[in-house]
Amino acid sequence: MKQGPIAFFDSGYGGLTILDKVRKAMPEYDYIYLGDNARSPYGTRSFDVIYEYTLQAVKKLFEMGAHLVILACNTASAKALRNIQQKDLPGIDPQRRVLGVIRPSVEEIGNRSKNRHVGVFGTVGTVSSESYLLEIAKLFPDMKVSQEACPMWVPLVENNEFLNNGADYFVKQHVDALLKKDPTLDTIILGCTHYPMLMPKIMQFLPQGVNVIEQGDIIAESLKDYLARHPEMNEKCSKGGSVHFYTTECKDKFRSTAEIFFDGDFNVEHVVL
Ligand code: DGL
């Protein structure tokens, strides 16, 4: 058996917020990251298209040698993960694994909220899938959950506009709308991996005391735990401390945003899915 890197997939740049935290928590592993930037955003696309694109990406990452793929994308986790795990993986290679980001995030919400009023920001796809509502209802039936879809937030990130003044209008609009649905919520989960890039702006428009949960640290912790519980998978993950990036867009364009998250030289390759 040939060892391989741990792979992260996102529609674009968002999964970098996850990979950044995972790499800091577990620097010894090799990682590859694939952003489907040329076809991002996924959040407004139909179920079938998101599933098709995500499956193409997973197959590509397996071809590149990964035994373990993390869908560092809530939209893909909500719309494609279950099908890939149950229908595709047994035919492709039952020894490989694909994991998502929603379940570990929901477990964390339960630990953080005191008054049991929580909010979820997500893409149109994630919100309409009701994945967060269903998972939270299973684990914490006492919780009141309000959701808000923020269709403009991913384009702001993908176009590198997330720290500019123009972003304020769109951030405030959705923060206000969520608070209107439940003015008493004490905890909000950023249910899209792109949204931590907007964190300074989100905090600016939220009242003090509201707890905002990012997924990076949560996924780092749950991946560490997964590898400890699955030594057979841990053995298949190579440990050379490298990170390689792949994008379906032009590699120079990808690099200019990825540089915000990763210091030093890094490799970016263009891939076709
Ligand atoms: N970053 C992704 C997520 O976590 C998807 C964003 C998009 O492409 O719409 O949902």
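Note: the structure precedes this text.
Residues numbered from 1 in each chain as written. Predicted model: local features only at pLDDT ≥ 70, side-chain atom pairs only at ≥ 80, totals over all residues. Heavy atoms only, no water.

## Thoughts on the packing of aromatic side chains
Each aromatic ring pair is described using two quantities: the centre-to-centre distance and the angle formed by the ring planes.
Then comes step 1: Tallying each qualifying case throughout the model produces 11 aromatic pairs.
Then comes step 2: When the ring of Tyr33 is compared with that of Phe245, the centres are 6.0 Å apart and the planes differ by 55°; the resulting orientation is tilted. Remark: Phe245 occurs in strand S9 (residues 243-247) and Tyr33 occurs in strand S2 (residues 31-35); sequence separation between them is 212 residues. In terms of burial, Tyr33 and Phe245 fall into one category: buried.
Then comes step 3: Between Phe245 and Phe254, the aromatic rings sit 5.9 Å apart at their centres with planes inclined by 45°, giving tilted as the arrangement. Each of the two residues, Phe245 as well as Phe254, counts as buried.
Then comes step 4: Cluster of aromatic residues (ring-pair linked, three or more members): Tyr13, Tyr33, Phe245 and Phe254. (Phe/Tyr/Trp six-rings, centres within 6.5 Å; stacked < 30°, edge-to-face > 60°. Helix = DSSP H or I, 4+ residues; strand = E, 2+ residues; numbered from the N terminus. Buried < 20%, exposed > 50% of the residue type's maximum accessible area, 1.4 Å probe, protein only.)

## As for the environment of Phe262
Then comes step 1: Take Phe262: it is sitting in the loop between helix H13 (251-258) and strand S10 (267-270).
Then comes step 2: Counting along the chain gives 242 residues from Phe262 to Asp20, while the straight-line C-alpha distance between them is 7.6 Å.
Then comes step 3: Discounting chain neighbours no more than four positions away, the residues touching Phe262 are Leu16, Leu19, Asp20, Arg23 and Phe245. (Contact = heavy atoms within 4.5 Å.)

## With respect to helix H2 (residues 47-63)
Then comes step 1: Over its 17 residues, H2 extends 24 Å from the first C-alpha to the last, a length consistent with the 24 Å expected when each residue adds 1.5 Å.
Then comes step 2: For H2, the set of buried residues is Ile50, Tyr51, Tyr53, Thr54, Leu55, Ala57, Val58, Lys60, Leu61 and Phe62.
Then comes step 3: Residues of H2 that are buried in the fold lie against strand S1 (6-10), S2, strand S3 (68-71), helix H3 (74-79), helix H4 (81-92) and strand S4 (97-99).
Then comes step 4: After H2 finishes, the residue Gly65 shows a positive phi value of roughly 110°. (Expected span 1.5 Å × (residues − 1).)

## Let's talk about the pattern of salt bridges
Oppositely charged side chains can pair when the atoms bearing their charge come close.
Then comes step 1: Evaluation of the coordinates by the stated rule reveals 14 salt bridges.
Then comes step 2: Glu107 is paired through a salt bridge with Arg103; the nearest N and O atoms lie 3.3 Å apart. A residue pair is termed a helical-turn pair when its members lie 3 or 4 positions apart in one helix, as Glu107 and Arg103 do in helix H5 (residues 102-112) at four residues.
Then comes step 3: Since its relative accessible area comes to 38%, Arg103 is described here as partly exposed.
Then comes step 4: Of the charged contacts, one joins Asp225 and Arg229 as a salt bridge, the two residues approaching to 3.1 Å between their closest N and O atoms. On the criterion of helical spacing, the pair formed by Asp225 and Arg229 is a turn pair, its members being four residues apart in helix H11 (residues 216-229).
Then comes step 5: In this structure Asp225 comes out as partly exposed when scored by relative accessible area, which is 39%.
Then comes step 6: A relative accessible area of 52% means that Arg229 is categorised as exposed. (Salt bridge = Lys/Arg side-chain N within 4 Å of Asp/Glu carboxyl O.)

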